[in-house]
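# A structural walkthrough
Chain by chain, the residues run as shown.
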Amino acid sequence: MKFKAFLTDNGVNLLEKRFLPALEKMGKICHLYLTREHAIFLHNLLNGDGIQSIAQFRKEALFDDYRISSQNDDRIAFAIDLSLLQRALRSIIAVYTEFSASHSGGAGGQPSNRLQIKLVKKLPPHSQQPMPFLTFESKGYKSAVIQDVPISKPLSRSDVLELQAALDMAQDMPRTLVQVPDMNQLQNFVDRMKHVGDLINVSISKYGDLHLQISTTLITLGAEFRKLVRIGEQADMPTGDQNLSAQSRTDRAIQRGDAMTVQVSVKHFFKSLQCHLVKPDCAFYGIAVEGVCLTVIFQFFIPGTRQTDKSISLHCRLPVLDPGSS
Amino acid sequence: MSSSAVEPDSPDLVCQLDSVQGMVDALTSVRWKRHQCPKIFDDTPLEVKLRFYKDAVVELSEHGIVLIVEDTGCLQAKVYLQRELFVSYEYNAQGRPRFGVSLGLFVDCLNTFSVPGRSSTIEFQYPGPDMQLLLKSVDSLDACIYAEIRTRIPDTISWDYNFEPAGSTPLSFTVKHLHKVDPFDQVSYKKKEKKKSLIVDVLRLNIAPCPKSSALKEAIDDLEWPGSSIQIILQPVPPSVTFRGEGHGDLQIDFMYYVNTDLLIAFNCDRRVAYRYKYKFLRATTSNIPSSVIKDNRGSKLTIGLGGMLKVQHLVSLARPSHPHIDSAGYQQPSRIAYIEFFVKPEVDEDTGNGS
């Protein structure tokens, strides 16, 4: 089982500034799943109850000179602590950029400094048992810096198969997706909203409406966003519904089969909004077929264009607490 | 001729406010105990929840809205939101409708309507079809926030906080929140610590100036150290206010009127008075002053009334965030201010030295 690659500057930037801070909010521990073509960060795919998040990078998005081999179809997966990974990466970047900066003015030589990442087994101090690590290495001008991030034992063949199966399962697309108008503002709003209750009802209609509501015996607090950009199945709102209250408009749309409602944990919903730390270009919410989960899909554009960057993808699946009415 | 019976369906009050943050600030300053509003669990029985949320009484009238909060019959706070603060105010009730509402829930809910950097207009309606308090945002057609808060039949106010002046001249002083810092003559601290058999005298001449905090709040926060009961002494010669705490140590904080007129901007006292107040109640009067009030720096006025009843007044600006120049120009619109008053009963104490 071998893995060795060099992190590109773009890859360093993507991980350190954008993805690791966001993924850490999903949960401290995640699986890193490496295949011949992809590196994938996975949260809660093997244990059912938390929010699932799937951040997938094509190898070119992060690495060059990417080499992987294993007896399991060149697939390796292990659990890793994201905060340790982030700290290791930060410290190594500090050395790396310092060295690069001191050499950038040089006489056009090939930058010899590169940031290597590899899987190793080492004997930790005071231990007889070799342990697996993900190691970062950067050779400086006078010194080399090595950061070892402890990882779990690589997953067994059957666990990797299970992980792959869960990943395949998590690719279903909701029939209708609505675009979040202002991620920051919505996050701010839900942050305040979460003080009044623990469960939130999320309704999404084919008319492009997103309706959020927390309802307890003491208070009902809701927000309705209308005429949002839609992807997938669409319908026009019947004219009579324009002047109704948000609640009755949603109820009628559900009766007509034009909308679905699911109940999720406010905490999960807030976490899904925190994903905007990855600086996506847009975000879409949708309810999976038969209301099995609430899905949020983030879209990334190739810089300077409006074309989707297919080498990066991120989506989350929020477990539904009550099947609701659909 | 015109009677409310003509329109039996019209609610008691429909009003709109364009400074939600100002209202959040005003109500936050009387929300002195966070644990009055624990998190709601859906499986908590309703009666238990209602006991948790036993906190504020709201009274509606043609003049505006008053919110009253009480604590164990010794502390009462009132927030006055006059009708002039509202963009529109349609009052249709006879008498003065009152209802009970969870203050914590109400503030948390209102806070949801206040989006930073944007003035948001909110509409209140009472009662809704099931006696709820209804709120909704009205400034955007394609995004709407709404809330329905359950109300209760209010508790009776346990004692009457009739505040009466203590004599012909009022006994009062006004403390500016922020002031120029002079390291030597501002506030004097005398601290005596009892350590085993030794008595250590510590004299501290100044508090570290904290630009975000208020002088009064800092002084009261510092008094936490000596103990549960604080004596406030006003005396005409030399004109000064003394806060004295005695417990496992003594701490005395003096505000001298003539020494720094930037700190005490007003002082009225014709005879020496001294009363004791429970520390936790005194602290409640300043512990939640929002930073906007401190920045506005209108000062807080403390008055001692008949029998030692202490009144603490704060002013909260409800100006729209889009017009900050109003304050910087020194022009303060009187109609955009919410008044907050705290009343604290003194401790029963024979040895107060207030004459006979």
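Further up the page is the structure itself.
Now for a description of the structure that goes with this document. (Residues numbered from 1 in each chain as written. Chains lettered and ligands numbered in written order. Predicted model: local features only at pLDDT ≥ 70, side-chain atom pairs only at ≥ 80, totals over all residues. Heavy atoms only, no water.)

A few words now on the sheet that holds strand β18 (residues 312-319) of chain A. Two modes of strand pairing occur in sheets, parallel and antiparallel, and in both the strands are linked by backbone hydrogen bonds. Residue and element names in this part refer to chain A. One open sheet holds the nine strands; their spatial order is β6-β2-β3-β4-β18-β17-β16-β10-β14, and the pairing between them is antiparallel. Looking along the sheet, the strands with just one partner apiece sit at the ends: β6 (76-81) and β14 (230-232). Neighbour-to-neighbour, the strand axes of the sheet open up by a mean angle of 20°, direction not taken into account. Here strand β2 (residues 29-34) pairs with strand β3 (residues 38-43) via four bridges, running antiparallel. (Pairing = 2+ DSSP bridges. Helix = DSSP H or I, 4+ residues; strand = E, 2+ residues; numbered from the N terminus. Axes fitted to C-alpha atoms, helices over the stretch in contact; angles between N-to-C directions.)

All names here are of chain B. Reading across from one edge, β6-β2-β3-β4-β20-β19-β18-β10-β16 is the order of the nine strands in this open sheet, with antiparallel pairing throughout. Each edge of the open sheet is held by one strand with a lone partner, namely β6 (98-101) and β16 (264-268). Each neighbouring strand pair of the sheet contributes to a mean axis angle of 15°, computed without reference to strand direction. Both strand β2 (residues 56-61) and strand β3 (residues 64-71) contribute to a ladder of six bridges, which runs antiparallel. Note on β3: the bridge partner recorded for V58 is L67. Along the sheet, helix α1 (residues 20-28) contacts β3, β4 (75-82), β19 (310-317) and β20 (337-344); its crossing angle with β19, the most-contacted strand, is approximately 165°. (Contact = heavy atoms within 4.5 Å.)

On to the packing of helix α5 (residues 183-193) of chain A against helix α3 (residues 103-113) of chain B. Viewed as axis vectors pointing N to C, α5 of chain A and α3 of chain B meet at an angle of 175°, and their least axial separation amounts to 8 Å. By the angle between their axes, α5 of chain A is roughly antiparallel relative to α3 of chain B. Contacts from F189, R192 and M193 of chain A of α5 of chain A reach α3 of chain B at D108, N111 and T112 of chain B. Across the contact of α5 of chain A with α3 of chain B, the residue classes break down as two nonpolar, two polar and two charged. (Parallel < 35°, antiparallel > 145°, perpendicular 65-115°, else oblique. Nonpolar A, V, L, I, M, F, W, Y, C, P; charged D, E, K, R; others polar.)

Before going further, it helps to examine the interface of chain A and chain B. Taken together, the contacts link 29 residues of chain A with 29 residues of chain B. Across the chain A to chain B interface the summed buried area is about 2300 Å²; carbon plus sulfur atoms make up 56%. Summed over the shared surface of chain A and chain B, the result is zero salt bridges. At the boundary of chain A and chain B, one finds eight residue pairs in polar contact (both at pLDDT 80 or more). Of all the secondary structure elements, the ones that give two or more residues to the side of chain A that touches chain B are α5, β12 (210-215), β13 (219-225) and α6 (246-255) of chain A. Looking at the side of chain A that touches chain B, the element that brings in the most residues is β13 of chain A, giving seven residues. Partitioned by chemical class, the residues of the side of chain A that touches chain B number 11 nonpolar, 12 polar and six charged. Across seven bridges, β13 of chain A lies against strand β9 (residues 143-149) of chain B in antiparallel orientation. (Buried area = accessible area lost by both parts, 1.4 Å probe. Salt bridge = Lys/Arg side-chain N within 4 Å of Asp/Glu carboxyl O. Polar contact = N/O pair within 3.5 Å; in protein donor to acceptor, adjacent residues only side chain to side chain.)

Looking now at the nonpolar core. By size, the foremost hydrophobic cluster in this structure holds 165 residues, and its most contacted members are F3, F41, L134 and F269 of chain A together with F106 and L135 of chain B. Top contributing element to this core by residue count: helix α1 (residues 9-26) of chain A, with eight residues. When near neighbours in sequence (up to four residues on either side) are disregarded, F41 of chain A contacts L15, L20, L23, C30, H31, L32, S53, I54, A55, F57, L82 and L85 of chain A. The next biggest cluster of nonpolar side chains, apart from the first, holds 12 residues, and it includes L45, L155, V160 and L167 of chain A. (Core = buried A, V, L, I, M, F, W, Y, C linked by side-chain atoms within 4.5 Å. Buried < 20%, exposed > 50% of the residue type's maximum accessible area, 1.4 Å probe, protein only.)

A complete count under the given rule lists five cavities of 30 Å³ or more for this structure. Reported here for the largest cavity is a volume of approximately 130 Å³. Around the largest cavity, the lining comprises 15 residues; the ones closest to its centre are V58, I65, F106, F124 and L133 of chain B. Contributing elements (two or more residues each) for the lining of the largest cavity: β1 (13-17), α1, β2, β3 and β7 (122-126) of chain B. For the lining of the largest cavity, the class distribution of residues is 14 nonpolar, one polar and no charged. Size it by volume and the second largest cavity reaches roughly 70 Å³. L15, L32, L34, A39, F41, L62, F63, L85, I117, L134 and F136 of chain A together form the lining of the second largest cavity. By residue class, the composition of the lining of the second largest cavity is 11 nonpolar, no polar and no charged. (1 Å grid on protein atoms, 1.4 Å probe; cavity = no way out; pocket = protein on both sides within 12 Å on 5 of 7 lines; lining within 4 Å. Points joined across faces, edges and corners; volume = space filled by probe spheres on them.)

Another point: helix α7 (residues 266-274) of chain A. In an α-helix, one full turn covers 3.6 residues, which means residues spaced three or four apart are oriented alike. Residue and element names in this part refer to chain A. Counting buried positions along α7 yields seven of nine residues, so the element is predominantly enclosed. Residues of α7 that are buried: V266, H268, F269, F270, S272, L273 and Q274. Residue S265 occupies the N-cap position of α7, its side-chain oxygen lying 3.1 Å from the main-chain nitrogen of K267.

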